Amino acid sequence: MTGATSGIGREAAAELLRRDAQLHLVMLARGATGRVTLTELQSIRSDVTLVETDLASAASVRAAAETVRRRLDSGDLPPLGGIVGNAGVSFNDAQRSTPDGYETTFAVNVLANHMLLGELAPGLTSPARIVITVSDTHFGDLKHGGGLFKLRWSDPDVLARPGAFPRPGASSAGRSAYATSKLAAIYLVHEWARRLPDGVDIGQAPDGVDIVAYNPALVPGTGLSRDGGLTRIFMRYVTRPLAATPLLDSVPAAGRRLADVILGGATAPTGSYIDRTRAVRSSEESYDPDRERALWEYAERLRTSAAI
Ligand SMILES: NC(=O)c1ccc[n+]([C@@H]2O[C@H](COP(=O)([O-])OP(=O)(O)OC[C@H]3O[C@@H](n4cnc5c(N)ncnc54)[C@H](OP(=O)(O)O)[C@@H]3O)[C@@H](O)[C@H]2O)c1
């Protein structure tokens, strides 16, 4: 599981350990926050392992997957029953670059998920569930995000680089990068859903592996708006009038719902978009087989390239 150190994922991780006595949680997390969370989660149950991972670095993600595979093979970890890509970032601009030269929002929210799936899905047992946390900002409309999150799709290699959005230093570009990265994550879920059953191009993932996208409600109080700017203002003030409506969840409630989805509680066909508790249609724009294939192939070229 990625993104288990903070916010929705931190709550979900604790919930998983409390609810499923057989479950061993492997956290892919960075530095000090990973170590602190490891200690906290181990106070619930000792079956937690930390694999230090910086999701903004392809080399680090690849090394983490290699560590997990080695420990699975040696029997040091029990069989792999699921993968959760919950980590996400949102910045006040769209011009930050990873050490590999990719725009950080796209690298963490999209490319890291693809790389982990490519490296680990062939090792899943059956049945197993893959969950990727997305966002309803991927609609890019007034109803989902107050019209502040404008989508702007382009060729994957443009989206993956700093400067993909107009005025990349502006907070509007940061919000566009975030919403567009979540649309991309849904595209990848659709393409993985098509490819998983027969393992085309990815080694042999067993039958019985499904993949779903999970959309939390709007959840103030997580670390997501830590970068500040308009997104934080949005979270702090625009969300207040929504507090008594179903459009908004507390961090513990969103974490419980994520844990439900991970444990298979929400029945949904593979490729589904689970809005909090039930499968619904994601945006019309999010069903686009040509974009889905092109993005998957682009991310797959990066995963299998020795260059990063
Ligand atoms: N909050 C909302 O309203 C909302 C709504 C829709 C969707 N979501 C999605 O929900 C997911 C969880 O977000 P949240 O709101 O709970 O935010 P959060 O508290 O900021 O959690 C984000 C998680 O991602 C991890 N992460 C970020 N960059 C990383 C990196 N380079 N390497 C390793 N780990 C990294 C963070 O680790 P550190 O602790 O090390 O920073 C943290 O565990 C995200 O995918 C987000 O897009 C949130």
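Report on the accompanying structure. Because the structure is a prediction, the values reported are computed rather than measured.

1. Some words on the overall build of the protein chain
Phase 1 of the analysis: Along the protein chain, the regular secondary structure elements total nine helices and seven strands.
Phase 2 of the analysis: Expressed as a percentage of its 308 residues, the buried residues of the protein chain come to 47%.
Phase 3 of the analysis: In the protein chain, the proportion of contacts linking residues at least 24 apart, taken out of those at least 6 apart, comes to 74%.

2. Observations regarding helix α1 (residues 7–19)
Phase 1 of the analysis: With 13 residues, α1 extends 19 Å from end C-alpha to end C-alpha; this agrees with the ideal 18 Å at 1.5 Å per step.
Phase 2 of the analysis: Burial runs high along α1: 11 of the 13 residues are buried.
Phase 3 of the analysis: Three or more residues of α1 are buried, namely Gly-7, Ile-8, Gly-9, Arg-10, Glu-11, Ala-12, Ala-13, Ala-14, Glu-15, Leu-16 and Leu-17.
Phase 4 of the analysis: Tucked into the core, α1 has its buried residues touching β1 (25–29), α2 (31–42), β2 (48–52) and α8 (251–262).

3. Things to note about the site of the ligand
Phase 1 of the analysis: Around the ligand there are 27 residues in total, and Gly-7, Ala-87, Gly-88, Thr-222 and Gly-223 lie nearest to it.
Phase 2 of the analysis: Considering each element in turn, the shell around the ligand owes the most residues, three residues, to α1.
Phase 3 of the analysis: In the shell around the ligand, the residues fall into 11 nonpolar, 14 polar and two charged.

4. Side note on the environment of Asp-47
Phase 1 of the analysis: Relative to the elements of secondary structure, Asp-47 occurs in the loop between α2 and β2.
Phase 2 of the analysis: Between the C-alpha atoms of Asp-47 and Leu-77, which are 30 residues apart in sequence, the distance is 9.7 Å.
Phase 3 of the analysis: The contacts of Asp-47, once residues within four sequence positions are left out, are Leu-23, His-24 and Leu-25.

5. Considering the packing of helix α4 (residues 104–120) against helix α9 (residues 289–304)
Phase 1 of the analysis: At a closest axis distance of 9 Å, the pairing of α4 and α9 adopts a crossing angle of 65°. When the interaxial angle is binned, α4 and α9 end up roughly perpendicular. Pair α4 / α9 crosses with right-handed handedness. Side by side, α4 and α9 meet where Leu-111, His-114, Met-115 and Gly-118 of the first sit next to Ala-299, Glu-300, Leu-302 and Arg-303 of the second.
Phase 2 of the analysis: Residue composition of the contact of α4 with α9, grouped by class: four nonpolar, two polar and two charged.

6. Considerations on the environment of Pro-99
Phase 1 of the analysis: The topology assignment puts Pro-99 in the loop between β3 (80–85) and α4.
Phase 2 of the analysis: Expressed as a C-alpha distance, the spacing of Pro-99 and Ala-59, which sit 40 residues apart in the sequence, is 9.7 Å.

7. As for the pairing of strand β4 (residues 124–133)
Phase 1 of the analysis: Burial runs high along β4: seven of the 10 residues are buried.
Phase 2 of the analysis: Strand direction decides the pairing type here: β3 and β4, joined by five bridges, are parallel. Paired with Val-84 across the strands is Val-131, a residue of β4.
Phase 3 of the analysis: Once the chain exits β3 it traverses α4 before rejoining the sheet at β4, and the crossover so formed is right-handed.

8. Let's talk about the nonpolar core
Phase 1 of the analysis: Of all hydrophobic cores here, the largest spans 85 residues; its most connected members are Ala-13, Met-27, Leu-111, Leu-188, Val-189 and Ala-213.
Phase 2 of the analysis: With near-sequence residues (within four places) excluded, Met-27 lies in contact with Met-1, Ala-4, Ala-13, Gly-34, Thr-37, Leu-38, Val-48 and Leu-50.

9. Overview of the sheet that holds strand β7 (residues 278–280)
Phase 1 of the analysis: Here we have five strands laid out as an open sheet, ordered β3-β4-β5-β6-β7, and mixed in their pairing. Two strands close off the open sheet at either side, each with one partner strand: β3 and β7. Going from strand to strand, the sheet's axes swing by 30° on average, the running direction of each strand aside.
Phase 2 of the analysis: Sheet topology places β4 next to strand β5 (residues 209–215); six bridges connect them, and they run parallel.

10. Description of helix α6 (residues 171–195)
Phase 1 of the analysis: With 25 residues, α6 extends 36 Å from end C-alpha to end C-alpha; this agrees with the ideal 36 Å at 1.5 Å per step.
Phase 2 of the analysis: Judged by how many residues are buried, α6 sits mostly within the fold: 22 of 25 residues are covered.

11. Concerning the packing of helix α3 (residues 58–73) against α4
Phase 1 of the analysis: Between α3 and α4, whose axes approach to 10 Å, the crossing angle comes to 30°. Compared by their axis directions, α3 and α4 come out roughly parallel. Between α3 and α4 lies a crossing of right-handed hand. Along the contact surface, α3 presents Ala-58, Val-61, Arg-62, Ala-65 and Val-68, while α4 presents Ala-112, Met-115, Leu-116, Glu-119 and Leu-120.

12. Some remarks on unusual backbone geometry
Phase 1 of the analysis: Backbone torsion omega between Ser-126 and Pro-127 reads 0°, so that peptide bond is classified as cis.
Phase 2 of the analysis: Tracing the backbone shows Pro-127 in strand β4.
Phase 3 of the analysis: Backbone geometry places Arg-276, a non-glycine residue, at a positive phi of 60°.
Phase 4 of the analysis: Take Arg-276: it is sitting in the loop between β6 (273–275) and β7.
Phase 5 of the analysis: Residue class for Arg-276 comes out partly exposed when judged on the 19 C-beta atoms lying within 10 Å of it.

The rules we used
- Counting restarts for each chain: residues are numbered from 1 in the order of the written sequence.
- pLDDT decides what is reported in this predicted model: residues at 70 or higher carry local features, side-chain atom pairs at 80 or more are listed and counted, and totals for whole chains, interfaces and linings draw on all residues regardless.
- We count a stretch as a helix when DSSP gives it H or I for four or more residues in a row; a strand needs E for two or more, and each element gets its number in order from the N terminus.
- Counts of 20 or more other C-beta atoms within 10 Å of a residue's own C-beta define buried residues, counts of 12 or fewer define exposed ones, and intermediate counts define partly exposed ones; C-beta atoms are placed from the backbone.
- A pair of residues counts as a contact when their C-beta atoms, built from backbone coordinates, are within 7 Å of each other.
- The span you would expect from a helix comes to 1.5 Å times its residue count less one.
- Each residue gets a C-beta atom placed from its backbone. Should that atom fall within 6 Å of a molecule or strand, the residue is termed near it.
- Note on residue classes: Ala, Val, Leu, Ile, Met, Phe, Trp, Tyr, Cys and Pro are nonpolar, Asp, Glu, Lys and Arg are charged, and everything else, Gly too, is polar.
- Every axis corresponds to a line fitted to the C-alpha atoms, with the helix fit spanning only the stretch in contact, and the corresponding angles, defined between N-to-C directions, vary from 0 to 180 degrees.
- Roughly parallel means an angle under 35 degrees; roughly antiparallel means over 145; roughly perpendicular covers 65 to 115; every other angle is labelled oblique.
- By convention, the crossing between two helices is left-handed when the near helix turns anticlockwise from the far helix through less than a right angle, and right-handed when the turn is clockwise.
- At least two bridges found by DSSP between two strands is the condition for calling them paired.
- Look down the strands so they point away from you; if the path from the first strand over the helix to the second goes clockwise, the crossover is right-handed.
- To count as a nonpolar core, a set of buried Ala, Val, Leu, Ile, Met, Phe, Trp, Tyr and Cys residues must be joined through C-beta atoms within 7 Å.

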